[in-house]
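Structural overview
These are the residues of each chain, in order.
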Amino acid sequence: MTRSLDATERIARLRLARTPRIGPVAFRELIRREGSAIQALDRLPELTRRAGGSLRIPTPQDIEGELRRGEAARARLLVLGDPEYPTPLMALDAPAPVLWTRGDVGLLGRDTVALVGARVASAAGQRFAQGLAVELGGTGFVVASGLARGIDAAAHLGSLATGTVAVLGGGIDDVYPPQNAELYERIVAEGCVLSESPVGHRAQARDFPRRNRIISGLSRAVVVVEAEVRSGSLITARLAAEQGREVLAVPGSPLDPRCAGSNDLIRQGAGLCAGIDDVLRALERPRGLFEPPPSCPHDEIQAPDGNLSQRVLALLGPTPISRDDLIRAAGAPAGQVMGILLELTLGGQAILTEDGKVVRA
């Protein structure tokens, strides 16, 4: 069993997670290298000055404000390192540092399948999603989705009785769309709602890819029911494939633009889903998805070599590159390159993305 974090360390992790330019990758690297969020916060001013930038680290009073808002929303905070933190998310390259939850947290540890699709969905698509959710629940799966109109709402309705998880883009108290307020309350009572965003945050376009990454990360498989060519559901499918999850799509009429994206997924190799049997067959393949990543030996941040810092920065451009490729191109030890990337990120010159890549800011 994972040992509970000290209360002071939990607050420090929330402060670190809410610090500008500290995304999941930088959060994980700082804690891995410094040993704790408390020590990482102590080092941040020095690291930021070295990178020629500045950061406003949230004060304990700022964090107390978020905690009060969470308490007012009757929400529970999960910090990476807590025993209740969802095991499937821990297997990601860079897990979400903190999660706010309402409802039954125990659902986050059960086998999950995500059902996603069009907001303006056909009646047939919604009926299929709700029916598949009922069948998945009957075989013991929790169903995850994003509380949007259309397919998401149908998936939640079909799985309320057996276990459903709604992942929000905004804060845990930001019900979007407002028309789903009643469904939100039912999920809080019978399922689980969670969010990576601060309590009180109103969802913006940039929040939904992070939400989608959590939906796919929680799940063993993602089923796309209907999706246009430019659809957030396709982002969820891509993230699922990158995370090693199964991706399935429901075939639809070639005359319906709502099915163009999901049909294209099948052309690209996604599994065809005509019902529960297709999902179960896909999940029979041995995956070992949820094994925790191997622990990395502790190593100190090495003072970057000036020439190497310039070389790493010069290697970055507007096109994202994987960290492994960058390390190979730099021809330097991984610890040194990651130390430089952290400083470039803190200085606002680079961005460490959640999908394992880095890009020049």
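What about the packing of helix 7 (residues 151–159) against helix 8 (residues 181–190)?
Two elements in contact, helix 7 and helix 8, have axes whose closest approach is 11 Å; the angle formed by their N-to-C orientations is 40°. In terms of crossing hand, the pair formed by helix 7 and helix 8 is left-handed. Every residue of helix 8 that contacts helix 7 at Ala-153, His-156 and Leu-157 is listed here: Leu-183, Arg-186 and Ile-187. Class assignment for the residues of the contact of helix 7 with helix 8 results in four nonpolar, one polar and one charged.

Things to note about helix 11 (residues 260–267)
If you check which residues of helix 11 are buried, you get Gly-261, Ser-262, Asn-263 and Leu-265. As for helix 11, its buried residues are in contact with strand 7 (221–224), helix 10 (232–242) and strand 8 (246–249).

Concerning the environment of Gly-140
Relative to the assigned elements, Gly-140 resides in the loop between helix 6 (123–138) and strand 4 (142–145). Residue class for Gly-140 comes out partly exposed when judged on its relative accessible area of 36%. Residues Gly-140 and Thr-162, 22 residues apart in the sequence, show an inter-C-alpha distance of 7.6 Å. Apart from residues lying up to four places away in sequence, Gly-140 is in contact with Arg-110 and Asp-111.

Digging into the environment of Gln-243
The residue Gln-243 is located in the loop between helix 10 and strand 8 in this model. Overall, Gln-243 belongs to the buried group, its relative accessible area being 16%. Once the C-alpha coordinates of Gln-243 and Leu-16 are considered, the two residues, 227 residues apart in sequence, prove to be 25 Å apart. At a separation of 2.8 Å, a polar atom in the side chain of Gln-243 contacts the side chain of Ser-216. A distance of 3.2 Å separates a polar atom in the side chain of Gln-243 from the backbone nitrogen of Gly-217.

Description of the confidence of the model for the chain
Should pLDDT be low for a region, the predicted coordinates there are not to be read in detail. Here the chain shows a mean pLDDT of 87. Residues at 70 or above account for 93%. Considering only residues more than four positions removed or in separate chains, one finds that residues 286–305, a stretch of pLDDT under 50, has 39 contacts.

Describing the pattern of salt bridges
As a working rule, side chains carrying opposite charge can pair if their charged atoms are close by. Evaluation of the coordinates by the stated rule reveals 22 salt bridges. Between Glu-34 and Arg-43 there is a salt bridge whose closest N-O contact spans 3.1 Å. Given a relative accessible area of 21%, Arg-43 falls into the partly exposed group. Here the salt bridges do not stand alone but share partners, grouping Arg-28, Glu-29, Arg-32, Arg-33, Asp-93 and Arg-323 into one network.

Digging into the pairing of strand 7
Both faces of strand 7 are covered, namely the face carrying Ala-221 and Val-223 and the face carrying Val-222 and Val-224. Both strand 3 (residues 112–116) and strand 7 contribute to a ladder of four bridges, which runs parallel. Within strand 7, the position partnered with Leu-115 by the bridge is Val-223. After leaving strand 7, the chain enters helix 10 and then returns to the sheet as strand 8, a path that is right-handed.

Some points on unusual backbone geometry
Residue Pro-177 is reached from Tyr-176 by a cis peptide bond, and omega for that bond is 0°. Mapped onto the elements, Pro-177 comes out in the loop between strand 5 (164–168) and helix 8. The backbone phi angle of Arg-74 is positive, close to 60°, even though this residue is not glycine. Looking at the element boundaries, Arg-74 is found in the loop between helix 4 (60–72) and strand 1 (76–79). Using a relative accessible area of 61% as the deciding quantity, one classes Arg-74 as exposed. Phi angles above zero are rare outside glycine, and Leu-147 is one such case at about 65°. Mapping Leu-147 onto the fold places it in the loop between strand 4 and helix 7.

The rules we used
- Residues numbered from 1 in each chain as written.
- Predicted model: local features only at pLDDT ≥ 70, side-chain atom pairs only at ≥ 80, totals over all residues.
- Heavy atoms only, no water.
- Axes fitted to C-alpha atoms, helices over the stretch in contact; angles between N-to-C directions.
- Helix = DSSP H or I, 4+ residues; strand = E, 2+ residues; numbered from the N terminus.
- Left-handed = near helix turned anticlockwise from the far one by under 90°.
- Contact = heavy atoms within 4.5 Å.
- Nonpolar A, V, L, I, M, F, W, Y, C, P; charged D, E, K, R; others polar.
- Buried < 20%, exposed > 50% of the residue type's maximum accessible area, 1.4 Å probe, protein only.
- Polar contact = N/O pair within 3.5 Å; in protein donor to acceptor, adjacent residues only side chain to side chain.
- pLDDT = per-residue confidence, 0-100.
- Salt bridge = Lys/Arg side-chain N within 4 Å of Asp/Glu carboxyl O.
- Pairing = 2+ DSSP bridges.
- Right-handed = clockwise from strand over helix to strand, strands pointing away.

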